[in-house]
Amino acid sequence: MTRLLPLVLAAALPLASAGNAKERAAGTDLALVNVAVVDVITGKVIPARSVLIHDGRISAIQPASAAVPPRFRKLDGRGGYALPGLWDEHVHLSDASLPDTAKLAEGFVQAGVTTVRDMGGNLSVVDALRELIRSGAVRGPRIFRPGPFIDGYKNGAPDRVTVENAREAEAAIAALKLEKVDFIKIHNGVSKDAFHAVMSAARRAGLKVAVHLPQSISAEEAAAAGAATLEHTETLMESGLRSLKLPGKTVEEGRRALAYEARNGPGSLIATMRSRKTCFTPTLSEYRSFAAMPSTSYPVDAPKVAPPSLLAFWDRYFPPDSPENAFKNKIRQQVFATFASVVKALYAAGVPILAGTDLGARDIYPGISLHEELKLLSDAGLSNLDVLRAATINPARCMGLADSIGSLSVHKAADILVVAGNPLVELAMLGRIKMVIIGGHVVRRIDANEVAARGH
Ligand SMILES: [Zn+2]
């Protein structure tokens, strides 16, 4: 059926892989002295602590008055608030090519993003970047990646493994397991039968599955089948339109579709996501940029933060819009205004919300857009604490990694962001970055004067 609200971001293109980022060779033991520690699990701020780091992990969190053993190099944290490094849960790193991917990695570091979840693309491009980061040649976040998309047949779409039946599902999962992917990403072209075959093969292989909702099933069916995460608010609208048999040609239909997905009660999407512990990545910044696309070119300062191969990717897959699309975009913008309602309904029901940008989509920038996404989640009704959780402990939990990362606790990875004020009181403090530490390595540090000069 024709759809005027095609809410799917044009087939998320190729992308990547990742794997467990191992700690680089242990650096010096570090002590971050006299910071306030933001505990994203309890929501408490513990003042005047020192965070000791050994072998890339937090080895102690002690009163600032306690002695620090001499082997620790001391970093003065006075006036700072330490919180877990941020995650961007939806990026496509290989939409840029080498060596530009290093510029993406740097953009994440500058913004305090210490972990990214790649969401599909060219495994060798992503792994090459990961290796550069691991070796210390490039500063960048930890990367988790699924390798290519599992999809139905799409003419010319790169970095896909096409799966049309149970035998192909089994073979695809076995091959990806050999490549040591961190999880599986399903895209929107798979049939209902292929979807369920992939889900059960992945379950047997012990791999979690992130789902860009296939057009063949409903969001509730994907959650019931055990998807670890559902991606993109627009896919919930698409699901609602299909369930209600609406063509999706008006804003009102979009609103009805979202209201359908936001309802509660037996058999509803929300009830199933709660019982199956499904997580949700709204990617609000992505759809907002998509809906704003009639602009004929990217912002003038885009080349400063987006490398040439990413800009070329935008021009190829998201070309400046035609006048007729400008009309569609007007509708998309009105639809976007209704997205917050379904995010709020899922959040209120206790569905874990994840912060992701869909880097690779036009006008989405490494790191910068994650901060925009956090603001949009706040505008959608999340408390400051839950906004922080969406970019820290929630992704760690949804990926089954919360024992080793995602909050500031002893034994967890020393991925730490130090900012100049309490983000639980004022979210914008997340932008006042003083220091970024990844795996015990200080990857960014701004002195007090520089922070004052930026003054925002
Ligand atoms: Zn994507």
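Residues numbered from 1 in each chain as written. Predicted model: local features only at pLDDT ≥ 70, side-chain atom pairs only at ≥ 80, totals over all residues. Heavy atoms only, no water.

**Q** What should I look at first to understand the pairing of strand 2 (residues 45–54) in this one?
**A** Along any regular strand the residues' side chains alternate between the sheet's two faces. Taken together, the six bridges between strand 1 (residues 30–38) and strand 2 define a ladder with antiparallel strand orientation. By the bridge assignment, V37 is partnered in strand 2 with I46. From the end of strand 1 to the start of strand 2, which pair antiparallel, there are six residues, and G43 there has a positive phi angle of about 85°. In this sheet, strand 3 (residues 57–63) lies alongside strand 2 in antiparallel orientation, the contact comprising six bridges. Bridge pairing links I53 to I58 in strand 3. (Pairing = 2+ DSSP bridges. Helix = DSSP H or I, 4+ residues; strand = E, 2+ residues; numbered from the N terminus.)

**Q** I'm lost on unusual backbone geometry in this one. Help?
**A** Glycine aside, residues mostly have negative phi angles, and peptide bonds mostly take the trans form. Omega for the peptide link from L98 to P99 comes to 0°, which places this bond in the cis form. Within the secondary structure layout, P99 lies in the loop between strand 6 (86–91) and helix 1 (101–110). A positive phi angle, close to 55°, is found at K245, a residue other than glycine. Along the chain, the position of K245 falls in the loop between helix 6 (233–243) and helix 7 (251–261). In this structure K245 comes out as exposed when scored by relative accessible area, which is 71%. Positive phi outside glycine occurs at K277, with the angle close to 55°. Its place among the elements puts K277 in the loop between helix 8 (269–276) and strand 14 (279–281). Its relative accessible area of 66% is what places K277 among the exposed residues. (Buried < 20%, exposed > 50% of the residue type's maximum accessible area, 1.4 Å probe, protein only.)

**Q** Looking at this structure, how should I read the state of the cysteines?
**A** Simply put, disulfide is the name for a covalent bond between the sulfur atoms of two cysteines. Taken as a whole and judged by the stated rule, the model has one disulfide. Between the sulfur of C279 and that of C398 lies a disulfide, 1.9 Å long from S to S. Looking down the S-S bond of the C279 and C398 bridge, the torsion is -85°, so its handedness is left-handed. Residue C279 is located in strand 14, and its partner C398 is located in helix 15 (residues 393–398); the two are separated by 119 residues in the primary sequence. Taken individually, C279 and C398 each receive the classification buried, so the pair is uniform in this respect. (Disulfide = S-S within 2.5 Å.)

**Q** Quick question: what am I supposed to make of the coordination of the zinc ion here?
**A** Reference values for angles at a metal are 109.5 degrees in the four-donor tetrahedral case and 90 or 180 degrees in the six-donor octahedral case. The zinc ion binds to the protein through H90 (NE2), H92 (NE2) and D358 (OD), with metal-donor distances spanning 2.0 to 2.3 Å. Written as a sequence motif, the donor residues of the zinc ion are H-x1-H-x265-D. Of this pair, H92 sits in the loop between strand 6 and helix 1 while D358 sits in the loop between helix 12 (323–348) and helix 13 (368–379); the two residues are 266 residues apart in sequence, bridging distant segments of the chain. Grouping residues by exposure puts H92 and D358 together as buried. (Donors = N, O, S within 2.8 Å, 3.2 Å for Na, K, Ca; no water.)

**Q** Explanation requested: the environment of I353 in the structure shown.
**A** Looking at the element boundaries, I353 is found in the loop between helix 12 and helix 13. Remark: the alpha-carbon pair of I353 and L382, spanning 29 residues in sequence, is separated by 9.1 Å. Setting aside anything within four residues of it in sequence, one finds I353 in contact with F280, P282, V343, L346, Y347, L377, L382, A390 and N394. (Contact = heavy atoms within 4.5 Å.)

**Q** Sorry if this is basic, but what is going on with the pairing of strand 7 (residues 113–118) here?
**A** Among the six residues of strand 7, six are classified as buried, and the element is accordingly described as predominantly covered. Pairing of strand 6 with strand 7 involves four bridges; the strand directions are parallel. Directly across from W87, in strand 7, lies its bridge partner T115. Pairing geometry for strand 7 and strand 8 (residues 142–144), over three bridges, is parallel. Bridge pairing links V116 to I143 in strand 8. In this fold, strand 7 hands off to helix 2 (residues 123–135), which returns the chain to strand 8; that crossover is right-handed. (Right-handed = clockwise from strand over helix to strand, strands pointing away.)

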